[in-house]
Amino acid sequence: MENVLIIGTGCAGLTAALYTARANLSPLVLAGAAPGGLLTTTSIVENFPGFPDGIDGTEFVMRMQKQAEKFGARITYDTVEKVELSQRPFRVTGGDGIIETKAIIVATGASHRHLGLESERVLERKGVTYCATCDGALPMFRNKPLVVVGGGDSALEEASYLTRFGSRVYVIHRRDALRGSKIMQERALKNPKIEFVWNSVVTNVLDVKQERVTGVALKDVKTGQARTLECAGVFIAIGHAPNTRLFGGQLKMDPDGYLICQQGTATNVPGVFGAGDCVDRTYRQAITAAGSGCAAAIDCERYLASLES
Ligand code: NAP
């Protein structure tokens, strides 16, 4: 039987792995369908303290993994299919069989919502990105027109942030009213570098043949009119979906599926802890995910100690 099973190998899961390994708990870590998490989808991480020259997202995750393994974490690439939390030990079924464990740290992260265009997929990391904070300062975007897709707080925040780098920032929104908070709306609407393109959807990202972003094809949903807009980057900010479906009916979640944790990282099931983007709908940064992974590991360690006393 395992002491602790960590589900997820993003920043939160690997930090939890490092801390529980150093507590001699010999954690088993399941990488799941997206090993390394969202960080591996960004090019350079420039905002994690300690890396003044930035670091490639994938390399960063690999280093965290190596560090956790050095202290005894065991990482497998199994994907969880089923969890049973109503019994002790907990039972987790993956492709490799059933695992029994005294405690679980859920660090399954969140997935960026995608527009669903083939060109979006092909040009990801070649001008299409899902994180302005991570990628906005890259040289390829400097002093060039940029596009943000979405009308919520994320899109407004990304657009405001990108005005530091781009020559102009176009916000493409499918309606004529923003979903974001009033203060963020006001800030974005009065920013002279931001231009809103209302009632419009992106129908194609250009130019797959050139293997880089040169513009977007747009359609006005009211008039049906099509046009193209030149840009060097497309920042898609149409929301995130926490990867928590697996725990439906067992762990408490808010209406959008984010885990609800109390007293630190405790879920409603004693012995099950939540960390990272599957819990956090506000900050969603590598450093905050790592911090909550650390907190979950400490909470877990205390829980396991309490079982023995
Ligand atoms: P969100 O509020 O769900 O907004 C998503 C936006 O994307 C909406 O405007 C939506 O359009 C649009 N959208 C969704 N699917 C689309 C599609 N397929 N094609 C085109 N557009 C699409 O998500 P979010 O902006 O990530 O915010 C999530 C939560 O985090 C919110 O509660 C937000 O307040 C919070 N947040 C807060 C801050 C902050 O306070 N600093 C920053 C970021 C996020 P419709 O409006 O038509 O639905």
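Source: prediction; values computed, not measured.

S.K.: I'm lost on the domain arrangement of the protein chain in this one. Help?
M.R.: As a measure of interface size, the accessible area lost when the parts come together is often cited. Domain boundaries in the protein chain define domain 1 (2-111 + 240-308) and domain 2 (114-236). Here the C-alpha centroids of domain 1 and domain 2 sit 31 Å apart. Of the residues lining the interface, 11 residues belong to domain 1; the matching set on domain 2 comes to eight residues. Taken together, the links from domain 1 to domain 2 amount to zero salt bridges. Applying the counting criterion to the domain 1 and domain 2 interface returns one residue pair in polar contact (both at pLDDT 80 or more). Residues of the side of domain 1 that touches domain 2, tallied by class, amount to one nonpolar, seven polar and three charged.

S.K.: Please explain the pairing of strand β15 (residues 215-220) as it appears in this structure.
M.R.: Looking along a regular strand, one sees the side chains alternate between the two faces of the sheet. Relative to β15, strand β14 (residues 200-206) runs antiparallel, the two being bridged by six bridges. If you follow N204 over to β15, its bridge partner there is A217. The pairing of β15 with strand β16 (residues 226-230) spans five bridges and is antiparallel. In the strand pairing of β16, A217 is matched with T228. Remark: five residues form the turn of the hairpin made by β15 and β16, two consecutive strands paired antiparallel; G224 in that turn has positive phi of roughly 80°.

Conventions adopted
Residues numbered from 1 in each chain as written. Predicted model: local features only at pLDDT ≥ 70, side-chain atom pairs only at ≥ 80, totals over all residues. Heavy atoms only, no water. Domains from an automatic or database assignment. Contact = heavy atoms within 4.5 Å. Salt bridge = Lys/Arg side-chain N within 4 Å of Asp/Glu carboxyl O. Polar contact = N/O pair within 3.5 Å; in protein donor to acceptor, adjacent residues only side chain to side chain. Nonpolar A, V, L, I, M, F, W, Y, C, P; charged D, E, K, R; others polar. Pairing = 2+ DSSP bridges. Helix = DSSP H or I, 4+ residues; strand = E, 2+ residues; numbered from the N terminus.

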